[in-house]
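Working through the structure, step by step
Letter by letter, the chains look like this.
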Amino acid sequence: MAYGYYFAPKSMSSEQYDDVIRRLEAAGQGAPAGRSYHCAFKGEGGLHVFDVWDSQESFDKFGQTLMPILDEVGIDVGQPHVAEVHNIIEG
């Protein structure tokens, strides 16, 4: 079963986001196993992120790399809204 994770940090600039993406790629996690979809978009306070993952376990494993990077860049993503995905339509 897939899960959607929506992050709405109080403040995340596009520069901070781009830095996180560069660091993830350098750590070999630019396209992590288990993530099928990633979207960053403008929201209140800057950029928000929505991901779809195949399992909580895959997401948690990725978090071991992501969270220290977010701390280094100074981003507090808070707690994500998590929901089971009912359907995904591509295209």
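The structure under discussion appears in the preceding block.
Calculation notes
Residues numbered from 1 in each chain as written. Predicted model: local features only at pLDDT ≥ 70, side-chain atom pairs only at ≥ 80, totals over all residues. Heavy atoms only, no water. Helix = DSSP H or I, 4+ residues; strand = E, 2+ residues; numbered from the N terminus. Buried < 20%, exposed > 50% of the residue type's maximum accessible area, 1.4 Å probe, protein only. Contact = heavy atoms within 4.5 Å. Phe/Tyr/Trp six-rings, centres within 6.5 Å; stacked < 30°, edge-to-face > 60°. Lys NZ or Arg CZ within 6 Å of the ring centre and 35° of its normal.

1. Quick notes on the environment of A83
Counting through the fold element by element, A83 comes out in strand β4 (residues 81-84). Taking the relative accessible area as the measure of exposure, A83 reaches 32% and is therefore partly exposed. In the structure, A83 is positioned 43 residues away from A40 in sequence and 18 Å away in space, judged by C-alpha atoms. Those residues in contact with A83, other than ones at most four positions away along the chain, are A2, Y3 and G4.

2. Concerning the packing of aromatic side chains
In this structure the tally under the stated criterion is 6 aromatic pairs. Where W53 meets F59, the ring centres are 5.8 Å apart and the plane angle is 75°; that geometry is what we call edge-to-face. Residue F59 is classed as buried on the basis of its relative accessible area of 13%. Three or more aromatic residues joined by ring pairs make a cluster, and in this case those are Y5, F7, W53, F59 and F62. In this arrangement the basic side chain of R35 is found over the ring face of F62, its NZ or CZ atom lying 5.9 Å from the centre.

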